[in-house]
Amino acid sequence: MLVVMKAHASPEEIQAVCEAIEKLGLRPHPLPGAERTAIGITGNKGEVSRGNLEALSGVAEVIRVTKAYKLASRDVKEEDTLIRFPGTDATIGGRNLAVIAGPCSIESREQAFAIAEQVAASGAQFFRGGAFKPRTSPYAFQGMGLDALKIMAEIRTAFGLRIVTEALDNESLDLVNEWADVIQIGARNMQNFSLLKRAGKMRKPVIIKRGLSATLEEFLMSAEYVMSEGNYEVILCERGVRTFADHSRNTLDLSIIPAVQQVSHLPILVDPSHGTGKRDKVLPMARAGIAAGADGLLIEVHHQPDQALSDGPQSLYPDQFATMMNETELLAPIVNRKLPRGIHIDSGARA
Ligand code: PEP
Ligand code: MN
């Protein structure tokens, strides 16, 4: 159920509706839009009786939301979600493309700084690096943990880049929430519902990577888990699904971009690194992702990919990343986008 407020409803009227919803034992989710505020209602098992809500002051109408995902749906919020990073001009969603770049894993301070310097020089606004790694083998490098988070915090101070890193479980989620700017939930955890709920209690944007065999609805239901707990800053990321194709690590399903955009207001990024698994396929599929309407890119970059402890074969060399940025800047206006180059930090708000 969704309560649509009148265009000029006052904050007090919105508050009164939220309280009325709470009195019914349900949870209100006020979602301000450009024209009006909509209040999503969750927590109901069956249909909510709309009678008394419709009569409240400032209410335009009460609508039933038929889709399984509600808060993620355009029925509840028509305008695209725009995520801002306070103290900076960085955004995810909206007209500006977001580029998140860096190594698969943080391997050392020297490695992380060498890569960060280059991706910052090419104009990325976000730095990624795994601190907690979901590896197929328990014998493979598992990440540097908290030490990696501390290195990335230093990178934020040194270059202004906002930090994106994956949380694997409850413990790492709390640490990532403390140290990073964006919480990444990996493909393998896309349906780890308890982790999603916990991420929903955080107040940092959450990137959810598509599961290896997740349908559009399952993908959006994962976003719904986070949003249902009150965190509305969710970003989707297509990173390839598993198919019979054996020329690439995964099959990058770019057709999900317009499909998501039709039914959801959430931003969607493309990760052509995991999506292809091969360095020489990353640039063509990054171009294709932007052309298909993605809100940005997630790209693995390594200065010495032959020595990388994870995902070396799909990591771009820094000069290839620079080329990708130049091409993306040229492509962007064709799809009515813009690639911002570099992040601007308000003075006094650096860290
Ligand atoms: C990653 O971004 O390094 C990663 C492990 O991604 P995914 O969860 O998409 O495999
Ligand atoms: Mn990786």
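Residues numbered from 1 in each chain as written. Chains lettered and ligands numbered in written order. Predicted model: local features only at pLDDT ≥ 70, side-chain atom pairs only at ≥ 80, totals over all residues. Heavy atoms only, no water.

**Here's the deal with the coordination of the manganese ion (ligand 2)**
Then, in step 1: The protein atoms that coordinate the manganese ion (ligand 2) are C104 (SG), H274 (NE2), E300 (OE) and D311 (OD), at distances spanning 2.0 to 2.4 Å.
Then, in step 2: Each donor residue of the manganese ion (ligand 2) belongs to the same chain, and together they define the spacing C-x169-H-x25-E-x10-D. Here C104 is found in the loop between β7 (98–102) and α3 (109–121), whereas its partner E300 is found in strand β14 (residues 296–300), with 196 residues between them in sequence. With respect to burial, C104 and E300 carry one shared label: buried. (Donors = N, O, S within 2.8 Å, 3.2 Å for Na, K, Ca; no water. Helix = DSSP H or I, 4+ residues; strand = E, 2+ residues; numbered from the N terminus. Buried < 20%, exposed > 50% of the residue type's maximum accessible area, 1.4 Å probe, protein only.)

**Quick word on the packing of aromatic side chains**
Then, in step 1: Summed over the entire model, instances satisfying the criterion amount to three aromatic pairs.
Then, in step 2: Arranged with centres 5.9 Å apart and planes meeting at 50°, the rings of F113 and F159 form a pair that is tilted. Here the residue F113 occupies a position in helix α3, and F159 occupies one in helix α4 (residues 146–159), the gap between them amounting to 46 residues.
Then, in step 3: Look at F113 and you get buried, because its relative accessible area is 18%.
Then, in step 4: Consider the rings of F193 and Y225, whose centres lie 4.5 Å apart with planes at 25°: the pair is stacked. Within this pair, whereas F193 is found in helix α6 (residues 193–201), its partner Y225 is found in helix α7 (residues 216–228), the two being separated by 32 residues in sequence.
Then, in step 5: The lysine or arginine in question, R109, covers the ring of F113, its NZ or CZ lying 4.5 Å from the ring centre. (Phe/Tyr/Trp six-rings, centres within 6.5 Å; stacked < 30°, edge-to-face > 60°. Lys NZ or Arg CZ within 6 Å of the ring centre and 35° of its normal.)

**Focus on helix α10 (residues 279–291)**
Then, in step 1: By the burial criterion, the buried members of α10 are R279, V282, L283, A286, G289 and I290.
Then, in step 2: Buried residues along α10 sit in contact with α8 (256–263), β13 (268–270), α9 (272–276), β14 and α11 (318–331).
Then, in step 3: In the segment just after α10, G293 is the residue with positive phi, at about 105°. (Contact = heavy atoms within 4.5 Å.)

**Digging into the site of ligand 1**
Then, in step 1: What surrounds ligand 1 is a group of 13 residues, the closest being R128, A187, R188, K209 and R239.
Then, in step 2: A distance of 2.9 Å separates an oxygen atom of ligand 1 from a polar atom in the side chain of R188.
Then, in step 3: Interatomic distance of 2.6 Å between a side-chain N/O atom of R239 and an oxygen atom of ligand 1.
Then, in step 4: With the chains in place, 97% of the 290 Å² that ligand 1 exposes on its own is no longer accessible. (Near = heavy atom within 4 Å. Polar contact = N/O pair within 3.5 Å; in protein donor to acceptor, adjacent residues only side chain to side chain. Areas by Shrake-Rupley, 256 points an atom, 1.4 Å probe, with all protein chains shown as cover.)

**Considerations on the sheet that holds strand β4 (residues 59–63)**
Then, in step 1: On the basis of which strands lie adjacent, the open sheet formed by four strands has the order β2-β3-β1-β4 and antiparallel pairing. The open sheet has two edge strands with one neighbour each: β2 (27–32) and β4. Adjacent strand axes in the sheet meet at a mean angle of 20° when their direction is disregarded.
Then, in step 2: Pairing of strand β1 (residues 2–5) with β4 involves four bridges; the strand directions are antiparallel. Considered in β4, the bridge of V3 is made with V62. (Pairing = 2+ DSSP bridges. Axes fitted to C-alpha atoms, helices over the stretch in contact; angles between N-to-C directions.)

**As for α11**
Then, in step 1: Helix length check: α11 (14 residues) gives 20 Å between terminal C-alpha atoms against 20 Å at 1.5 Å per residue, within 8%.
Then, in step 2: Of all the residues in α11, the buried ones are P318, F321, M324, M325 and T328. Buried positions in α11, seen along its axis, are confined to an arc of 105° and lie on one side of it. Across α11 from its buried face, at more than 90 degrees, point the exposed residues D319 and L330.
Then, in step 3: Where the residues of α11 are buried, they touch β7, α3, α10 and β14. (Expected span 1.5 Å × (residues − 1). Arc of directions from axis to C-beta.)

**Brief notes about the sheet that holds β14**
Two pairing modes exist for strands in a sheet, parallel and antiparallel, and in both the strands are linked by backbone hydrogen bonds.
Then, in step 1: Taken in spatial order, the eight strands close into a barrel running β7-β8-β9-β10-β11-β12-β13-β14, and their pairing is parallel. The sheet shows a mean angle of 25° between the axes of neighbouring strands, direction not considered.
Then, in step 2: In the sheet, β7 pairs with strand β8 (residues 126–128) via two bridges, with the strands oriented parallel. Pairing of A101 across the sheet is with F127, part of β8.

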